[in-house]
Amino acid sequence: MKTRKLAVAAGIVSLAVIAAACSSKSSTSTGAAGARTNDGVPLTGAGSTFAAPIYTQWAKDFNGVESGAQINYQAIGSGGGIDAITKQTADFGASDAPLQPDAMSAMPADVVQIPTVLGGIAIAYNLPDVTDPLNLDGATAADIFLGKITSWNDPAIATLNPGVTLPNTPIRTAHRSDDSGSTFVFTSYLSSQSAEFKKTVGADSTVQWPAGAGKDGSDGVAGYLVATEGSVGYISYDYAVSNNLGSAAVKASDGSFVPPSVDSISAAGADLKFPIAADTNVLNSATTGAYPIASTTYVIVYLEQADQAKGQTLVDFLHWGLTTGQDTAGALNYAPLPSDIATQALAALATVTYNGTPITPSAGA
């Protein structure tokens, strides 16, 4: 019989591949003050493309802390990350949505989900002649992705953007074709704004889109948007910024239009509550200035680690990410976790064990 499964949400990641020499044991020593240090061992992670830039940077920076901790992260989408941790082909999985009941029950042992950073799902577009940021509300965005609004000068868009000259350009939508946490977040938002969208498409990590081009990964959608004038799609805010795409300001619950930014995404994080459940999210935050389509991203690890060296390096890496690594978030257009949420995430990490004993972070981690 399985013991309880801890579900503590973690936000969306993806690490660039860093070549790793295979090693089964870590090298440890004791510093001058008697603190235990760790050289680390290689780890493999897989999942979210949403969080790839932040995990890539964390992997590079943490390698300077533990030289043996060379981390190979495969950005294969949240669904792929969940599958990898379920099949135990990765040391950690990464998802932009908390585990749903079927995924949780499929785990061969208890897992813990740990939030790492906050990000935003931008409604990104390519309209070279429109210099003013566009305003969109949830109902209009839903109709665009349902294929009901087909040109950029449609009255529904024009009404939300007084004084903006909109082109008579066909709208070409793009969406994720892979199993995606970003899709789960975005379709959850649209389903909360449009009864028709909820009924005909629904909220899930894979859905049947009625229109548009399907692309694999955040980079695939971003590449399509860059290459296609008149296109619109949903991608993480960092991809919108790095690809110089427009990002719509989205209508919040108080009637204001809020663009995605580090500050507006961070404001939404105040709504995150523990313990994390399958329906946990920070969408449509009532906090003033909060971006409506914000999300946490999660790392999924086994509560009981089978390999002592890997377990130690994994705990060290995540502890470092939840402390020192938070300073990197803003520069990469993510938002760090609010301090109280980071404290609770560290408490969740402290439940990870080897041979039944909690794994204590090494000095410097």
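Residues numbered from 1 in each chain as written. Predicted model: local features only at pLDDT ≥ 70, side-chain atom pairs only at ≥ 80, totals over all residues. Heavy atoms only, no water.

J.: Help me out: how do you make sense of the overall build of the protein chain in this one?
T.: A count of helical and extended segments in the protein chain gives twelve helices and 17 strands. Dimensions of the protein chain, computed from C-alpha atoms along their principal axes, come out at roughly 70 × 40 × 35 Å. Within the protein chain, buried positions represent 55% of all 365 residues. Counted over contacts in the protein chain with a minimum sequence separation of 6, partners at least 24 positions apart contribute 76%. Element-wise, carbon and sulfur atoms account for 51% of the exposed surface of the protein chain, whose accessible area totals about 14300 Å². Here the protein chain contributes 16 positively and 30 negatively charged side chains, and the mean placements of these two sets differ by 7 Å. (Helix = DSSP H or I, 4+ residues; strand = E, 2+ residues; numbered from the N terminus. Buried < 20%, exposed > 50% of the residue type's maximum accessible area, 1.4 Å probe, protein only. Contact = heavy atoms within 4.5 Å. Areas by Shrake-Rupley, 256 points an atom, 1.4 Å probe, with all protein chains shown as cover. Lys, Arg positive; Asp, Glu negative; His and termini not counted. Charge placed at Lys NZ, Arg CZ, Asp CG, Glu CD.)

J.: In this structure, what is going on with the pairing of strand S14 (residues 294-302)? I would like to understand it.
T.: The side chains of a regular strand alternate, residue by residue, between the two faces of the sheet. By the criterion of burial, S14 is predominantly enclosed, with nine of the nine residues buried. Pairing analysis gives three bridges linking strand S5 (residues 92-95) to S14, with the strands arranged antiparallel. Pairing of Ala94 across the sheet is with Val299, part of S14. As paired elements, strand S6 (residues 111-125) and S14 share nine bridges and run antiparallel to each other. Looking across to S14, one finds that Leu118 is bridged to Thr296. (Pairing = 2+ DSSP bridges.)

J.: What am I meant to see in the nonpolar core here?
T.: Note that soluble globular proteins tend to have their nonpolar side chains buried in a common cluster. Counting residues in each nonpolar core, the largest one holds 79 residues, and the members touching the most others are Ile114, Ile123, Phe186, Ile293 and Val301. Excluding its chain neighbours within four sequence positions, the residues that come into contact with Ile123 are Leu136, Ala141, Phe186, Val232, Gly233, Gly246, Ser247, Ala248, Val250, Tyr291 and Ile293. If you look at the next biggest cluster of nonpolar residues, it comprises twelve residues, including Ala122, Ala124, Ala222 and Tyr224. (Core = buried A, V, L, I, M, F, W, Y, C linked by side-chain atoms within 4.5 Å.)

J.: Which parts of the structure should I look at to understand the sheet that holds strand S17 (residues 357-358)?
T.: Backbone-to-backbone hydrogen bonds join strands into a sheet, with any given pair of strands oriented parallel or antiparallel. Strand order in this open sheet of three strands is S15-S16-S17, and the pairing throughout is mixed. The outermost strands of the open sheet, each flanked by one partner alone, are strand S15 (304-305) and S17. Of the pairings in the sheet, the one linking strand S16 (residues 353-354) to S17 comprises two bridges and is antiparallel in character. Residue pairing for S17: Thr353 is matched across the bridge by Pro358.

J.: Could you clarify how one ought to interpret the packing of helix H4 (residues 138-145) against helix H6 (residues 181-193) in this entry?
T.: For any two helices packed against each other, the geometry comes down to the angle between their axes and how far apart the axes lie. The N-to-C vectors of H4 and H6 enclose an angle of 115°; their axes lie 8 Å apart at closest approach. Once H4 is placed against H6, the crossing between them reads as left-handed. Contacts between H4 and H6 involve Gly138, Ala139, Ala141, Ala142 and Phe145 from the first element and Phe186, Tyr189, Leu190 and Gln193 from the second. Tallied by class, residues from the contact of H4 with H6 come to seven nonpolar, two polar and no charged. (Axes fitted to C-alpha atoms, helices over the stretch in contact; angles between N-to-C directions. Left-handed = near helix turned anticlockwise from the far one by under 90°. Nonpolar A, V, L, I, M, F, W, Y, C, P; charged D, E, K, R; others polar.)

J.: Explain the side chain of Thr86 to me, please; I cannot follow it from the model alone.
T.: Assignment of secondary structure puts Thr86 in helix H2 (residues 78-86). Setting aside anything within four residues of it in sequence, one finds Thr86 in contact with Ala106, Met107, Pro108 and Tyr302.

J.: Got a minute to help me understand the sheet that holds strand S12 (residues 249-251) in this structure?
T.: Strand order in this open sheet of three strands is S7-S12-S13, and the pairing throughout is mixed. Edge positions in the sheet fall to strand S7 (135-136) and strand S13 (257-258), since each has one partner strand and no second. When S7 meets S12, the two strands line up parallel, connected through two bridges. What sits directly across from Asn135, in S12, is Ala249.

J.: Looking at this structure, I do not really get the pattern of salt bridges. What am I missing?
T.: In this structure the tally under the stated criterion is five salt bridges. Salt-bridge contacts for Lys310 lead to Asp91; the nearest nitrogen and oxygen are separated by 3.4 Å. Here Lys310 is found in helix H11 (residues 308-322), whereas its partner Asp91 is found in the loop between H2 and S5, with 219 residues between them in sequence. Since its relative accessible area comes to 30%, Lys310 is described here as partly exposed. (Salt bridge = Lys/Arg side-chain N within 4 Å of Asp/Glu carboxyl O.)

J.: Is there a simple way to explain the confidence of the model for the protein chain in this structure?
T.: Reading predicted coordinates in detail is not appropriate for stretches of low pLDDT. For the protein chain, the average pLDDT comes to 90, and 90% of its residues sit at 70 or higher. Note that pLDDT drops below 50 for residues 1-27; the model gives that stretch 126 contacts with residues more than four away or on any other chain. Throughout residues 29-34 the model reports pLDDT below 50, and contacts reaching past four residues in sequence, or to other chains, amount to five contacts. (pLDDT = per-residue confidence, 0-100.)

J.: Would you take a moment to explain the pairing of S6 for this structure?
T.: For S6, the tally of buried residues reaches 15 of 15 residues, placing the bulk of the element in the interior. Relative to strand S10 (residues 231-236), S6 is paired through five bridges, and the arrangement is antiparallel. Counted as the bridge partner of Ala124 is Gly233 from S10. Across two bridges, S6 lies against strand S11 (residues 246-247) in antiparallel orientation. Opposite Tyr125, over in S11, you have Gly246 as the bridge partner.

J.: Sorry, what's going on with the environment of Ser253 here?
T.: Along the chain, the position of Ser253 falls in the loop between S12 and S13. For Ser253, a relative accessible area of 60% puts it in the exposed group. Spatially, the C-alpha atom of Ser253 lies 28 Å from that of Ala211, the residues being 42 residues apart in sequence.

J.: Explain the packing of aromatic side chains to me, please; I cannot follow it from the model alone.
T.: Working definition: an aromatic ring pair is given by the centre-to-centre distance plus the angle between the planes. Evaluation of the coordinates by the stated rule reveals 16 aromatic pairs. Taking the centre distance of 4.7 Å and the plane angle of 20° together, the rings of Phe186 and Tyr234 count as stacked. Here the residue Phe186 occupies a position in helix H6, and Tyr234 occupies one in strand S10, the gap between them amounting to 48 residues. The same class applies to Phe186 as to Tyr234, namely buried. An aromatic cluster is present here, built from Tyr55, Trp58, Phe62, Tyr73, Phe92, Phe317 and Trp320 joined pairwise through their rings. (Phe/Tyr/Trp six-rings, centres within 6.5 Å; stacked < 30°, edge-to-face > 60°.)

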